[in-house]
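One-letter residues, chain by chain:
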Amino acid sequence: PLLIGQGAMLPFKDALKWLLSNQLEGKLDKRQVRHPTFKDVTVDIRLRFTTSDLTWLTEPPFNVNPNELHRTVKILQAINHSNGTNLRSYLRSPGYTLITSISICREPFYLGGRYCKLSRRISQTPWFVDDDKQMVDTSVEEVITGPLQRYLGTDDIRMHASGREDIDVRMLGNGRPFYLQVTGSRKIPTATKLSELQDEINKVHECVTIHSLRFVTQNDTDQVKNAQDSKEKEYQCVIKTETPITEDQLQQLNSTRNLVLEQKTPLRVLHRRSPLTRPKTIVSLSCRFLTESEIRTAVAQTTDTTNEDFEQMVKDNSHRLLVAHITSEGGTYIKEFVHGDFGRTVPNVGTLLGTSCDILQLDVAGVSLPWPPPSS
């Protein structure tokens, strides 16, 4: 603090603000206002000096211990207890060069939209093993944020989605809701520019598309955060059974409604999720047999089943291959609902049919969340 008159104290930062504000306005030709997108404008002023420049503080009326001249608290205490001594007679204009810098920090802003992923070889986020990128060439996040980073001039764009699909699962239908938190942006895009950026993103990779990209508020993003395990999701998958299925078994399976599962944390994610048993609900289940043409089409889309396997299934009987449409509570592990995960998910499709089952393909067909909200 600085002394003003007799006993009145003014914080140094306020005094500096008064001294510099008019000069900065003149230099920048800008008036000082509180802009809604700026968080801070920081003026950093540094003056290098040694404790020998403060020896006057060791004398009356301040009497600071020479060994404590590096402690700001001790200096302030001495000044505050100096009985209103006028500091002007002690302070001298420094003969040193001031080191100054100005930094501007913009408030984060948020963009919301939906994405579709049409490939079984692209992850939602980058895969890292021991800090080195591995496994996949790109991800949904990199496809979306790349053009935005280049235009906005920031590397700090964080993507958050309403749930995630495995790398070998496609995201179809109306897409998965997501939002982006953009920090330190040098630009704020207009609605027109945002539409152009969306078109540019959709040209990056033929298997990743987005739509409805628009500004959202921080409060809006709570809808995405809270909907991951609460909203219903729709899936379609190809199921292979150990034994052929009859029409009666199929009809019985199709009558499934509001089936409550006891689902333990799957073995494949047990290394990163708590070992809990979670009740999950299968709202509806509808199955039918695959046709021969559908079987042949699926050959090109499946990564872990050979052409010979499918050809043999066609020769044997297509009644071992089903396509299922499933509506479930958010957070349900659909792969485990099909094959049972060694009895960790009960009941499952295998127990309902009375035969072992495996899942060959899985797609997310829809996420029932109205997102993003209409632009204000």
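In case you missed it, the structure is sitting above this.
**Some thoughts on the pairing of strand β11 (residues 232-241)**
Taken together, the nine bridges between β11 and strand β14 (residues 321-329) define a ladder with antiparallel strand orientation. Within the sheet, the bridge partner assigned to E232 lies in β14 and is E329.

**Digging into the nonpolar core**
Residues Y115, I144, L148, F178 and I326 are the most contacted members of the largest nonpolar core, which totals 56 residues. Among residues more than four places away in sequence, those in contact with I326 are K233, E234, Y235, C237, I282, S284, L285, I334 and F337. Residues L54, W56, L57 and V64 belong to the second largest nonpolar core, which totals nine residues.

**Regarding the side chain of S123**
The topology assignment puts S123 in the loop between β5 (109-117) and β6 (128-129). Residue S123 is classed as buried on the basis of its relative accessible area, which comes to 2%. A distance of 2.6 Å separates the side chain of S123 from the backbone oxygen of T125, its partner in a polar contact. Residues in contact with S123, not counting those within four places in the same chain, are V136, T138, S139, V140 and I167.

**Some details on a nonpolar patch on the surface**
Among the surface-exposed residues, V43, I45, I102 and I104 lie close enough to one another that they form a single nonpolar patch of about 330 Å² accessible area. Of all the secondary structure elements, the ones that give two or more residues to the nonpolar patch are β3 (38-46) and β4 (99-106). Tracing the backbone through its elements, the reader meets V43 in strand β3.

**Some points on helix α2 (residues 72-80)**
Along α2, the positions that sit buried rather than exposed are I75, A78 and I79. When α2 is viewed along its axis, its buried side chains cluster within an angular range of 100° and face the same direction.

**Quick look at the packing of aromatic side chains**
Summed over all chains, the structure comprises three aromatic pairs. Between F109 and F215, the aromatic rings sit 5.7 Å apart at their centres with planes inclined by 50°, giving tilted as the arrangement. One end of the pair, F109, is in strand β5; the other, F215, is in strand β10 (residues 208-216), with 106 residues separating them in the sequence. Measuring from centroid to centroid gives 6.1 Å for Y115 and F178, while their planes differ by 50°, and the two rings are tilted. Taken together, the positions of Y115 in strand β5 and F178 in strand β9 (residues 170-183) put the pair 63 residues apart, joining distant regions of the chain. Each member of the pair, Y115 together with F178, is buried.

Reading guide: rules and limits
Residues numbered from 1 in each chain as written. Predicted model: local features only at pLDDT ≥ 70, side-chain atom pairs only at ≥ 80, totals over all residues. Heavy atoms only, no water. Pairing = 2+ DSSP bridges. Helix = DSSP H or I, 4+ residues; strand = E, 2+ residues; numbered from the N terminus. Core = buried A, V, L, I, M, F, W, Y, C linked by side-chain atoms within 4.5 Å. Buried < 20%, exposed > 50% of the residue type's maximum accessible area, 1.4 Å probe, protein only. Contact = heavy atoms within 4.5 Å. Polar contact = N/O pair within 3.5 Å; in protein donor to acceptor, adjacent residues only side chain to side chain. Patch = residues over 30% accessible without salt bridge, like charges linked within 9 Å, V, L, I, M, F, W, Y side chains within 5 Å. Areas by Shrake-Rupley, 256 points an atom, 1.4 Å probe, with all protein chains shown as cover. Salt bridge = Lys/Arg side-chain N within 4 Å of Asp/Glu carboxyl O. Arc of directions from axis to C-beta. Phe/Tyr/Trp six-rings, centres within 6.5 Å; stacked < 30°, edge-to-face > 60°.

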